[in-house]
Amino acid sequence: MSLDKDLQCREIYTKAVCGKGRKFSQVTNTVTPPHAPTSILGAWIINNQYDAVKSGENVEVVGTYDINIWYSYDRNTKTDVAKETVSYAEVVPLHYLDKKHKPGTAEVSAVATQEPNCVEASISSSGSSVLIRVEREYKVEMLAETKVCVVVCGNGCDDYEDKHVDFGGDDGDYEDLDPDLLDEELN
């Protein structure tokens, strides 16, 4: 039997997840095609590329994506595709942050849990541009060295191979069970 006074603890440094965050956002981008649009036939967002950068107690997701708008013009007699590359920076707060991490060892990463996606495309009130409403979501993590406390076994780890674990059960306890009763409960 071990008493609390027999426990030895040691502080060690290890690399661990020391911060996490998630952010959903909606933004509106404006694209001005070479011709005044009559109607929007389709809008797509492609080529999303991003990187994560540590920014104080936040992670900044910095990236670009391409907006492609298929539209008609000249009173629906002609069509064209307008293409525009959009740059963005999304600040994601770290909701969980281990204050004891070593700041010089921090590495951040981001994953798009929802790639930028066009949820609405409409012609502006002036009639010369297209308003694109975009949804996106990012999950971020910060890895860093941090200090943890572990219990140290005085005898080392080798003595665990000689131990026998008894769960107090007897193999005969289950012989009297009615297997039909068990089948009924599963159905």
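Residues numbered from 1 in each chain as written. Predicted model: local features only at pLDDT ≥ 70, side-chain atom pairs only at ≥ 80, totals over all residues. Heavy atoms only, no water.

(A) How the structure looks around the pattern of salt bridges. As enumerated under the stated definition, the model contains 8 salt bridges in all. One salt bridge connects E107 with K15, and the closest N-O pair in it is separated by 2.7 Å. Of this pair, E107 sits in strand β6 (residues 107-123) while K15 is found in strand β1 (residues 8-31), placing the two residues 92 residues apart along the sequence. E107 sits in the partly exposed class, given a relative accessible area of 42%. You can call K15 partly exposed: its relative accessible area is 44%. (Salt bridge = Lys/Arg side-chain N within 4 Å of Asp/Glu carboxyl O. Helix = DSSP H or I, 4+ residues; strand = E, 2+ residues; numbered from the N terminus. Buried < 20%, exposed > 50% of the residue type's maximum accessible area, 1.4 Å probe, protein only.)

(B) Local environment of the nonpolar core. V61, Y65, I67, I69, I132 and V140 are the most contacted members of the largest nonpolar core, which totals 27 residues. At the level of secondary structure, the elements contributing two or more residues to this core comprise β1, β2 (37-55), β3 (58-73), β4 (78-93), β6 and β7 (130-152). Once residues within four sequence positions are removed from consideration, V61 is found in contact with Y50, D51, Y88, A89, E90, V92, A110, Y138 and V140. (Core = buried A, V, L, I, M, F, W, Y, C linked by side-chain atoms within 4.5 Å. Contact = heavy atoms within 4.5 Å.)

(C) Quick look at the sheet that holds β2. Taken in spatial order, the 3 strands of this open sheet run β2-β3-β4, and their pairing is antiparallel. For this open sheet the edge positions go to β2 and β4, each flanked by a neighbour on one side alone. Going from strand to strand, the sheet's axes swing by 15° on average, the running direction of each strand aside. In this sheet, β3 lies alongside β2 in antiparallel orientation, the contact comprising 15 bridges. In the strand pairing of β3, I40 is matched with Y71. (Pairing = 2+ DSSP bridges. Axes fitted to C-alpha atoms, helices over the stretch in contact; angles between N-to-C directions.)

(D) Focus on the pairing of β4. Of the pairings in the sheet, the one linking β3 to β4 comprises 16 bridges and is antiparallel in character. Within β4, the position partnered with V61 by the bridge is E90. The antiparallel hairpin formed by β3 and β4 contains 4 residues in its connecting segment, where D74 sits at a positive phi of about 55°.

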